[in-house]
Amino acid sequence: MAIVDNIGTALSGSGGSVILTSVDKLVDWSRGQSLWAFPMGTACCAMELIAASFNKFDFDRLGTFPRPDPRHTDVMILAGTITEKMKPAVKLLYDQMPEPKWVVAMGNCTVSGGIFYYDTYSVVRGADTFLPIDVYIAGCPPRPESLQDGIIQLRELVREESIAPGKRHERKTLLPRKGEGAGDAL
Amino acid sequence: MSPHDVRHHLAELSPQLDARISDHFEDVVIEVGSANLLQTASELLELGFDRLGMVTAVDTGDDFEMVYRVTSRSLSCSAFVKTRVGRIEPRVASLCPVWPAANWQEREVWDLFGIHFTGHPDMRRILLPEEWPGWPLRKDYDDPNVIRRPDYI
Ligand code: SF4
(Lines give C-alpha, C1' and ligand atoms only; values in the text may rest on other atoms or scores of the structure.)
Protein backbone atom coordinates (compact mmCIF):
# COMPACT_ATOMS: atom_id res chain seq x y z
CA MET A 1 0.00 0.00 0.00
CA ALA A 2 3.04 2.29 -0.10
CA ILE A 3 2.04 3.78 -3.47
CA VAL A 4 -1.47 4.48 -2.25
CA ASP A 5 -0.10 6.16 0.87
CA ASN A 6 2.11 8.36 -1.31
CA ILE A 7 -0.90 9.38 -3.41
CA GLY A 8 -2.58 10.46 -0.19
CA THR A 9 0.41 12.51 0.95
CA ALA A 10 0.88 14.12 -2.46
CA LEU A 11 -2.76 15.05 -2.91
CA SER A 12 -3.24 16.43 0.59
CA GLY A 13 -0.04 18.45 0.10
CA SER A 14 -1.55 20.15 -2.92
CA GLY A 15 -4.75 20.83 -1.03
CA GLY A 16 -6.96 18.80 -3.35
CA SER A 17 -9.57 17.70 -0.87
CA VAL A 18 -12.35 17.25 -3.43
CA ILE A 19 -10.25 14.95 -5.52
CA LEU A 20 -9.06 13.17 -2.41
CA THR A 21 -12.60 12.32 -1.40
CA SER A 22 -13.10 10.48 -4.64
CA VAL A 23 -9.72 8.79 -4.43
CA ASP A 24 -10.57 7.83 -0.87
CA LYS A 25 -13.77 6.22 -1.99
CA LEU A 26 -12.06 4.38 -4.79
CA VAL A 27 -9.23 3.13 -2.59
CA ASP A 28 -11.51 2.09 0.26
CA TRP A 29 -13.88 0.39 -2.13
CA SER A 30 -11.01 -1.57 -3.67
CA ARG A 31 -9.56 -2.44 -0.29
CA GLY A 32 -12.94 -3.68 0.86
CA GLN A 33 -13.39 -5.78 -2.25
CA SER A 34 -10.16 -7.70 -1.81
CA LEU A 35 -9.47 -8.37 1.83
CA TRP A 36 -6.91 -11.12 1.61
CA ALA A 37 -7.11 -13.23 4.71
CA PHE A 38 -4.45 -14.78 6.86
CA PRO A 39 -6.14 -17.87 8.31
CA MET A 40 -4.88 -18.14 11.88
CA GLY A 41 -6.58 -21.46 12.52
CA THR A 42 -5.62 -22.79 15.93
CA ALA A 43 -8.48 -25.15 16.77
CA CYS A 44 -11.84 -26.52 15.63
CA CYS A 45 -13.18 -23.21 14.23
CA ALA A 46 -10.55 -23.55 11.52
CA MET A 47 -12.65 -26.33 10.03
CA GLU A 48 -15.46 -23.89 9.36
CA LEU A 49 -12.94 -21.41 8.03
CA ILE A 50 -11.73 -24.07 5.60
CA ALA A 51 -15.30 -24.92 4.67
CA ALA A 52 -15.98 -21.25 3.99
CA SER A 53 -13.04 -21.08 1.60
CA PHE A 54 -14.07 -24.00 -0.59
CA ASN A 55 -16.58 -24.34 -3.35
CA LYS A 56 -19.83 -24.67 -1.43
CA PHE A 57 -19.53 -21.31 0.30
CA ASP A 58 -16.89 -19.84 -1.98
CA PHE A 59 -15.18 -17.06 -0.06
CA ASP A 60 -13.38 -15.98 -3.23
CA ARG A 61 -16.47 -14.31 -4.59
CA LEU A 62 -16.19 -11.79 -1.73
CA GLY A 63 -12.58 -11.15 -2.69
CA THR A 64 -11.34 -12.89 0.43
CA PHE A 65 -9.10 -15.83 0.01
CA PRO A 66 -6.57 -17.36 2.34
CA ARG A 67 -2.88 -16.64 1.93
CA PRO A 68 -0.44 -18.60 4.07
CA ASP A 69 1.95 -15.66 4.34
CA PRO A 70 1.06 -12.81 6.73
CA ARG A 71 3.02 -10.35 4.55
CA HIS A 72 0.50 -10.73 1.71
CA THR A 73 -2.62 -10.22 3.76
CA ASP A 74 -4.96 -7.49 5.00
CA VAL A 75 -7.09 -9.29 7.55
CA MET A 76 -6.19 -11.90 10.12
CA ILE A 77 -8.98 -14.36 10.82
CA LEU A 78 -8.44 -15.77 14.27
CA ALA A 79 -10.21 -19.10 14.27
CA GLY A 80 -9.77 -21.24 17.31
CA THR A 81 -8.69 -21.46 20.91
CA ILE A 82 -5.58 -19.43 21.65
CA THR A 83 -3.40 -20.96 24.32
CA GLU A 84 -0.78 -19.19 26.36
CA LYS A 85 1.88 -21.02 24.38
CA MET A 86 0.40 -19.94 21.04
CA LYS A 87 -0.10 -16.31 22.05
CA PRO A 88 3.44 -15.08 21.22
CA ALA A 89 3.26 -16.77 17.80
CA VAL A 90 -0.09 -15.14 17.00
CA LYS A 91 1.29 -11.76 18.07
CA LEU A 92 4.40 -12.25 15.94
CA LEU A 93 2.36 -13.13 12.85
CA TYR A 94 0.10 -10.14 13.44
CA ASP A 95 3.15 -7.89 13.66
CA GLN A 96 4.39 -9.25 10.34
CA MET A 97 1.24 -8.15 8.50
CA PRO A 98 1.63 -4.85 6.63
CA GLU A 99 -0.55 -1.86 7.53
CA PRO A 100 -3.45 -1.27 7.12
CA LYS A 101 -4.56 -4.47 8.81
CA TRP A 102 -7.67 -5.77 10.48
CA VAL A 103 -8.45 -8.67 12.76
CA VAL A 104 -11.58 -10.79 12.84
CA ALA A 105 -12.20 -12.90 15.95
CA MET A 106 -14.12 -15.93 14.81
CA GLY A 107 -15.76 -18.14 17.41
CA ASN A 108 -16.38 -17.88 21.12
CA CYS A 109 -12.86 -18.96 21.99
CA THR A 110 -11.22 -15.99 20.36
CA VAL A 111 -13.96 -13.64 21.52
CA SER A 112 -13.80 -14.50 25.22
CA GLY A 113 -12.23 -17.88 25.83
CA GLY A 114 -15.55 -19.60 25.11
CA ILE A 115 -16.08 -22.91 26.82
CA PHE A 116 -12.57 -22.61 28.22
CA TYR A 117 -13.35 -19.44 30.13
CA TYR A 118 -13.84 -21.24 33.45
CA ASP A 119 -11.55 -23.73 35.15
CA THR A 120 -8.79 -23.51 32.59
CA TYR A 121 -5.21 -22.56 33.22
CA SER A 122 -3.79 -22.56 29.69
CA VAL A 123 -6.24 -20.65 27.50
CA VAL A 124 -6.14 -16.92 26.74
CA ARG A 125 -9.51 -15.41 27.63
CA GLY A 126 -10.20 -13.55 24.44
CA ALA A 127 -7.84 -12.41 21.73
CA ASP A 128 -8.67 -8.78 22.54
CA THR A 129 -6.44 -9.07 25.59
CA PHE A 130 -3.45 -8.74 23.26
CA LEU A 131 -4.68 -7.77 19.75
CA PRO A 132 -7.01 -5.04 18.49
CA ILE A 133 -10.09 -6.85 17.21
CA ASP A 134 -12.34 -5.23 14.61
CA VAL A 135 -15.13 -7.75 14.20
CA TYR A 136 -16.39 -10.31 16.67
CA ILE A 137 -18.27 -13.36 15.40
CA ALA A 138 -20.03 -15.46 18.00
CA GLY A 139 -20.68 -19.16 17.68
CA CYS A 140 -19.07 -22.41 18.60
CA PRO A 141 -18.21 -22.72 15.78
CA PRO A 142 -19.86 -19.97 13.71
CA ARG A 143 -21.24 -21.18 10.42
CA PRO A 144 -19.38 -20.13 7.28
CA GLU A 145 -22.24 -17.74 6.52
CA SER A 146 -21.58 -15.93 9.81
CA LEU A 147 -17.93 -15.61 8.92
CA GLN A 148 -18.84 -14.17 5.54
CA ASP A 149 -21.27 -11.81 7.21
CA GLY A 150 -18.45 -10.76 9.52
CA ILE A 151 -16.22 -9.99 6.54
CA ILE A 152 -19.01 -7.96 4.96
CA GLN A 153 -19.29 -6.00 8.21
CA LEU A 154 -15.55 -5.52 8.18
CA ARG A 155 -15.90 -3.87 4.77
CA GLU A 156 -18.00 -1.19 6.41
CA LEU A 157 -15.13 -0.50 8.79
CA VAL A 158 -12.62 -0.53 5.98
CA ARG A 159 -14.63 2.10 4.12
CA GLU A 160 -14.24 4.49 7.05
CA GLU A 161 -10.50 4.78 6.57
CA SER A 162 -8.89 7.65 4.71
CA ILE A 163 -5.62 7.53 2.84
CA ALA A 164 -4.75 11.11 3.80
CA PRO A 165 -2.27 10.96 6.72
CA GLY A 166 -4.03 13.68 8.73
CA LYS A 167 -7.47 12.22 8.25
CA ARG A 168 -6.78 8.66 9.12
CA HIS A 169 -9.32 7.47 11.63
CA GLU A 170 -8.26 6.00 14.87
CA ARG A 171 -8.85 2.26 14.98
CA LYS A 172 -12.39 1.81 16.25
CA THR A 173 -13.54 -1.15 18.23
CA LEU A 174 -17.13 -2.29 18.33
CA LEU A 175 -17.04 -3.52 21.92
CA PRO A 176 -15.48 -1.93 24.99
CA ARG A 177 -12.12 -3.37 25.99
CA LYS A 178 -11.14 -4.59 29.40
CA GLY A 179 -10.46 -1.63 31.65
CA GLU A 180 -12.70 0.68 29.58
CA GLY A 181 -16.01 0.36 31.37
CA ALA A 182 -18.46 -2.37 30.49
CA GLY A 183 -15.84 -5.10 30.21
CA ASP A 184 -14.60 -4.52 33.77
CA ALA A 185 -17.04 -6.84 35.42
CA LEU A 186 -15.47 -9.84 33.71
CA MET B 1 2.31 -66.93 20.11
CA SER B 2 -1.25 -66.57 21.36
CA PRO B 3 -2.32 -64.07 24.02
CA HIS B 4 -2.48 -67.03 26.40
CA ASP B 5 1.17 -67.79 25.75
CA VAL B 6 2.05 -64.16 26.31
CA ARG B 7 0.47 -64.29 29.75
CA HIS B 8 2.29 -67.50 30.48
CA HIS B 9 5.60 -66.06 29.40
CA LEU B 10 5.04 -62.95 31.48
CA ALA B 11 4.16 -65.06 34.51
CA GLU B 12 7.48 -66.84 34.09
CA LEU B 13 9.33 -63.54 33.96
CA SER B 14 7.55 -61.98 36.90
CA PRO B 15 9.68 -63.29 39.80
CA GLN B 16 12.84 -62.06 38.09
CA LEU B 17 11.34 -58.59 37.59
CA ASP B 18 9.49 -58.59 40.89
CA ALA B 19 6.30 -57.87 38.94
CA ARG B 20 2.64 -58.43 39.68
CA ILE B 21 0.56 -59.66 36.75
CA SER B 22 -3.18 -59.22 36.61
CA ASP B 23 -5.90 -58.88 34.01
CA HIS B 24 -7.97 -55.91 33.01
CA PHE B 25 -10.56 -57.04 30.48
CA GLU B 26 -8.53 -58.13 27.43
CA ASP B 27 -5.29 -56.57 28.60
CA VAL B 28 -2.48 -57.77 30.82
CA VAL B 29 -1.49 -55.40 33.61
CA ILE B 30 2.10 -55.58 34.78
CA GLU B 31 2.94 -53.70 37.95
CA VAL B 32 6.63 -53.30 38.63
CA GLY B 33 8.85 -51.33 40.98
CA SER B 34 10.39 -48.28 39.35
CA ALA B 35 13.85 -49.87 39.59
CA ASN B 36 12.82 -52.68 37.25
CA LEU B 37 10.87 -50.56 34.79
CA LEU B 38 13.50 -50.29 32.08
CA GLN B 39 14.24 -53.99 32.17
CA THR B 40 10.54 -54.85 31.98
CA ALA B 41 10.24 -52.61 28.97
CA SER B 42 13.09 -54.31 27.14
CA GLU B 43 11.63 -57.73 27.96
CA LEU B 44 8.30 -56.63 26.51
CA LEU B 45 9.95 -55.31 23.37
CA GLU B 46 11.75 -58.64 23.03
CA LEU B 47 8.40 -60.42 23.35
CA GLY B 48 7.02 -58.43 20.43
CA PHE B 49 5.38 -55.42 22.08
CA ASP B 50 6.68 -52.97 19.54
CA ARG B 51 4.30 -50.05 19.87
CA LEU B 52 4.07 -47.68 22.81
CA GLY B 53 0.62 -46.14 22.48
CA MET B 54 0.27 -44.08 25.62
CA VAL B 55 2.29 -42.73 28.50
CA THR B 56 0.45 -41.03 31.30
CA ALA B 57 0.41 -40.60 35.05
CA VAL B 58 -2.21 -40.67 37.75
CA ASP B 59 -2.06 -38.51 40.84
CA THR B 60 -3.35 -40.80 43.55
CA GLY B 61 -2.89 -38.22 46.27
CA ASP B 62 -0.06 -40.00 48.06
CA ASP B 63 2.13 -40.71 45.07
CA PHE B 64 2.09 -40.90 41.29
CA GLU B 65 1.34 -43.95 39.22
CA MET B 66 2.97 -44.09 35.80
CA VAL B 67 0.89 -45.92 33.21
CA TYR B 68 2.25 -47.16 29.89
CA ARG B 69 0.12 -48.90 27.32
CA VAL B 70 1.98 -51.08 24.85
CA THR B 71 0.56 -53.08 21.99
CA SER B 72 1.93 -55.76 19.78
CA ARG B 73 0.90 -55.96 16.18
CA SER B 74 2.37 -59.42 15.69
CA LEU B 75 0.73 -60.90 18.81
CA SER B 76 -2.51 -58.90 18.51
CA CYS B 77 -2.62 -58.06 22.18
CA SER B 78 -1.87 -55.19 24.48
CA ALA B 79 -0.55 -54.67 27.97
CA PHE B 80 -0.40 -51.98 30.62
CA VAL B 81 2.78 -51.39 32.55
CA LYS B 82 2.37 -49.53 35.83
CA THR B 83 4.84 -48.27 38.34
CA ARG B 84 4.65 -45.98 41.34
CA VAL B 85 6.86 -42.98 42.10
CA GLY B 86 7.02 -40.87 45.22
CA ARG B 87 5.59 -37.36 45.42
CA ILE B 88 8.75 -35.53 46.40
CA GLU B 89 11.03 -34.95 43.41
CA PRO B 90 9.53 -37.82 41.43
CA ARG B 91 11.95 -39.53 39.10
CA VAL B 92 11.56 -42.51 36.86
CA ALA B 93 13.66 -44.08 34.11
CA SER B 94 12.93 -42.86 30.59
CA LEU B 95 11.77 -45.51 28.15
CA CYS B 96 13.11 -43.65 25.11
CA PRO B 97 15.96 -46.15 24.62
CA VAL B 98 13.37 -48.93 24.29
CA TRP B 99 10.49 -47.19 22.48
CA PRO B 100 11.51 -43.90 20.81
CA ALA B 101 7.81 -42.95 20.79
CA ALA B 102 8.13 -42.25 24.51
CA ASN B 103 10.02 -39.04 23.80
CA TRP B 104 7.20 -36.51 23.43
CA GLN B 105 4.79 -38.37 25.67
CA GLU B 106 7.25 -38.31 28.54
CA ARG B 107 7.79 -34.63 27.91
CA GLU B 108 4.05 -34.16 28.29
CA VAL B 109 4.05 -36.02 31.60
CA TRP B 110 6.97 -33.87 32.75
CA ASP B 111 5.07 -30.80 31.61
CA LEU B 112 1.84 -31.55 33.43
CA PHE B 113 2.88 -33.74 36.39
CA GLY B 114 6.49 -32.74 36.96
CA ILE B 115 7.79 -36.29 36.89
CA HIS B 116 11.41 -36.25 35.77
CA PHE B 117 12.56 -38.94 33.36
CA THR B 118 16.19 -39.86 33.85
CA GLY B 119 17.99 -40.62 30.61
CA HIS B 120 15.51 -38.66 28.49
CA PRO B 121 17.33 -36.93 25.60
CA ASP B 122 15.36 -33.65 25.75
CA MET B 123 13.59 -33.02 29.05
CA ARG B 124 11.73 -29.76 28.31
CA ARG B 125 8.12 -28.68 28.66
CA ILE B 126 6.10 -29.42 25.53
CA LEU B 127 2.63 -27.82 25.80
CA LEU B 128 3.13 -24.97 28.23
CA PRO B 129 5.56 -22.06 28.00
CA GLU B 130 8.98 -22.88 29.40
CA GLU B 131 8.67 -20.45 32.34
CA TRP B 132 5.30 -21.81 33.56
CA PRO B 133 5.14 -22.21 37.34
CA GLY B 134 3.96 -25.53 38.73
CA TRP B 135 2.48 -28.73 37.34
CA PRO B 136 -1.18 -28.26 36.34
CA LEU B 137 -2.44 -31.83 36.48
CA ARG B 138 -1.33 -32.44 40.04
CA LYS B 139 -4.21 -32.50 42.47
CA ASP B 140 -2.61 -29.87 44.69
CA TYR B 141 -2.00 -27.43 41.81
CA ASP B 142 -3.48 -24.03 42.43
CA ASP B 143 -3.37 -21.27 39.83
CA PRO B 144 -4.59 -17.79 40.86
CA ASN B 145 -5.47 -17.00 37.22
CA VAL B 146 -8.03 -19.78 36.95
CA ILE B 147 -11.62 -18.52 37.20
CA ARG B 148 -13.76 -21.08 38.98
CA ARG B 149 -17.09 -21.99 37.45
CA PRO B 150 -19.94 -20.63 39.58
CA ASP B 151 -22.44 -23.18 40.88
CA TYR B 152 -25.37 -21.82 38.92
CA ILE B 153 -23.88 -22.66 35.52
S1 SF4 C 1 -15.39 -21.55 19.60
FE2 SF4 C 1 -15.96 -23.72 19.70
S3 SF4 C 1 -15.53 -24.49 17.63
FE4 SF4 C 1 -14.42 -22.55 17.87
S5 SF4 C 1 -12.37 -23.10 18.57
FE6 SF4 C 1 -13.63 -22.69 20.37
S7 SF4 C 1 -14.40 -24.68 21.00
FE8 SF4 C 1 -13.70 -24.87 18.88
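You'll find the structure just up there.
Conventions used here
Residues numbered from 1 in each chain as written. Chains lettered and ligands numbered in written order. Predicted model: local features only at pLDDT ≥ 70, side-chain atom pairs only at ≥ 80, totals over all residues. Heavy atoms only, no water. Helix = DSSP H or I, 4+ residues; strand = E, 2+ residues; numbered from the N terminus. Buried < 20%, exposed > 50% of the residue type's maximum accessible area, 1.4 Å probe, protein only. Areas by Shrake-Rupley, 256 points an atom, 1.4 Å probe, with all protein chains shown as cover. Pairing = 2+ DSSP bridges. Axes fitted to C-alpha atoms, helices over the stretch in contact; angles between N-to-C directions. Contact = heavy atoms within 4.5 Å. Core = buried A, V, L, I, M, F, W, Y, C linked by side-chain atoms within 4.5 Å. Phe/Tyr/Trp six-rings, centres within 6.5 Å; stacked < 30°, edge-to-face > 60°.

S.K.: I'm lost on the overall build of chain A in this one. Help?
M.R.: Looking only at helices and strands, one finds six helices and four strands in chain A. For chain A, the N- to C-terminal ordering of α and β elements is α-α-β-α-β-α-β-α-β-α. Residues counted as buried form 44% of the 186 residues belonging to chain A. Counting only carbon and sulfur atoms, one obtains 60% of the accessible surface of chain A, whose full area is about 9400 Å².

S.K.: Whenever I open this one, the sheet that holds strand β4 (residues 64–72) of chain B confuses me. Can you help?
M.R.: Adjacent strands of a sheet pair through backbone hydrogen bonds, lying either parallel or antiparallel. All names here are of chain B. The five strands are arranged β1-β2-β5-β4-β3 in an open sheet whose pairing can be described as mixed. Edge positions in the sheet fall to β1 (20–24) and β3 (51–59), since each of these pairs with one other strand and no more. Direction aside, the axes of adjacent strands within the sheet are offset by 20 degrees on average. Of the strand pairs in this sheet, strand β2 (residues 27–31) and strand β5 (residues 77–85) are connected by four bridges, and their pairing is parallel. Residue pairing across strands places Val29 opposite Phe80, the latter belonging to β5. Of the strands in this sheet, β1, β2 and β5 are in contact with helix α1 (residues 3–17), which crosses β2 at around 10 degrees. The strands that helix α3 (residues 102–113) touches are β3 and β4; relative to β3, the one it contacts most, it runs at about 10 degrees.

S.K.: Would you take a moment to explain the nonpolar core for this structure?
M.R.: Within soluble globular proteins, side chains that are nonpolar generally end up buried alongside one another. Residues Ile30, Leu44, Phe49, Met66, Tyr68 and Ile115 of chain B are the most contacted members of the largest nonpolar core, which totals 41 residues. Where this core is concerned, the elements lending two or more residues are α1, β2, α2 (37–47), β3, β4, β5 and α3 of chain B. By residue number, the principal contributor to this core is α3 of chain B, which donates five residues. Formed by 20 residues, the second largest nonpolar core is a distinct cluster that contains Phe59, Val75, Ala79 and Ile137 of chain A.

S.K.: Looking at this structure, I do not really get the packing of aromatic side chains. What am I missing?
M.R.: Pairs of aromatic rings are described using the distance from one ring centre to the other and the angle between the two planes. According to the stated counting rule, one finds six aromatic pairs over all chains in the structure shown. Measuring from centroid to centroid gives 4.8 Å for Trp36 of chain A and Phe65 of chain A, while their planes differ by 55 degrees, and the two rings are tilted. Of this pair, Trp36 of chain A sits in the loop between α2 (17–33) and β1 (37–41) while Phe65 of chain A sits in the loop between α3 (45–53) and β2 (75–79), and the two are 29 residues apart along the sequence. Relative accessible area serves as the criterion here: at 30%, Trp36 of chain A is assigned to the partly exposed category. With a relative accessible area of 26%, Phe65 of chain A lands in the partly exposed category. Consider the rings of Tyr121 of chain A and Tyr141 of chain B, whose centres lie 6.1 Å apart with planes at 75 degrees: the pair is edge-to-face. Pair noted here: Tyr121 of chain A is in the loop between α5 (108–112) and β4 (135–137) and Tyr141 of chain B is in the segment after β7 (116–118), and the two residues belong to different chains. Taken together, the aromatic side chains of Tyr121 of chain A together with Trp132 and Tyr141 of chain B make up a single cluster linked through ring pairs.

S.K.: Looking at this structure, I do not really get the sheet that holds strand β3 (residues 102–106) of chain A. What am I missing?
M.R.: Residue and element names in this part refer to chain A. The sheet built from four strands is open, its strands ordered β1-β2-β3-β4 with parallel pairing. With partners counted over all chains shown, the strands left at the sheet margins are β1 and β4, one partner each. Along the sheet, successive strands turn relative to each other by an average axial angle of 15 degrees, direction set aside. Bridge count for β2 against β3 is five bridges, and the pairing is parallel. Bridged to Leu78 within β3 is Ala105. Across the sheet, helix α4 (residues 87–96) lies against β1, β2 and β3, angled at about 165 degrees from β2, the strand it touches most.

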